[in-house]
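Structural overview for review
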Amino acid sequence: MHTWGYWNDGVKEPFKIMDAATYSLSGNLIGSRIYFYPQNVIDEFILPFKFGVGLSYHFMKSHYVGGIDYAGNHRDDSYARFVTFDLSVGADINIIEALSFGLEGDLYFPSKPVNDFYDITSLSSIKLGLTYNF
């Protein structure tokens, strides 16, 4: 399965913290995954779970929102691009043949440290939504 996603942390105003600059993170990702559905292999397995593995390419942006550090500085907007190995677990409930309601949790492990964004070594997400299969 191929995926595209966009996320934004929603930070629009500086945090009211003395001697700290505030940054907002957002990004896009494109990826591909292979899913395993146990109920398709094990007749007794009635729960609609799925397990996935894959790769994603992330485009992240760190946007300066406001505030300054103890020395009166802040860094400019910055960008990062990196590849991650992905693991996911979720559940899908079919509404009709091609449409399903799902919940999925993902872990993303960068292939190298992303030093531009505070030494990120892993990322995670939880998704709730509808999937249309064609």
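Going by the structure above, here's the rest.
Note that the structure is a prediction, hence the values are computed from the model and not measured. (Residues numbered from 1 in each chain as written. Predicted model: local features only at pLDDT ≥ 70, side-chain atom pairs only at ≥ 80, totals over all residues. Heavy atoms only, no water.)

Points about the packing of aromatic side chains
Both the distance between ring centres and the angle between the ring planes are used here to describe each pair of aromatic rings. In the structure shown here, the tally under the stated rule is 4 aromatic pairs. On the basis of an interplanar angle of 75 degrees and a centroid distance of 4.9 Å, the ring pair of Tyr57 and Phe59 is categorised as edge-to-face. Classification of Tyr57 by relative accessible area gives partly exposed; the value is 30%. One cation-aromatic arrangement involves Lys50 over Tyr35; the distance from NZ or CZ to the ring centre is 4.7 Å. For Arg75, the ring lying beneath its charged end belongs to Tyr23, and the centroid distance is 4.3 Å. (Phe/Tyr/Trp six-rings, centres within 6.5 Å; stacked < 30°, edge-to-face > 60°. Buried < 20%, exposed > 50% of the residue type's maximum accessible area, 1.4 Å probe, protein only. Lys NZ or Arg CZ within 6 Å of the ring centre and 35° of its normal.)

Details of the pairing of strand E4 (residues 78-96)
Taken residue by residue, a regular strand's side chains alternate between the two faces of the sheet. Where strand E3 (residues 49-66) lies against E4, 14 bridges are found, and the strand directions are antiparallel. In the sheet register, Met60 faces E4, and the bridge partner there is Ala80. Judged from the 12 bridges that link them, E4 and strand E5 (residues 99-110) form a sheet pairing that is antiparallel. Paired with Phe85 across the strands is Phe109, a residue of E5. (Pairing = 2+ DSSP bridges. Helix = DSSP H or I, 4+ residues; strand = E, 2+ residues; numbered from the N terminus.)

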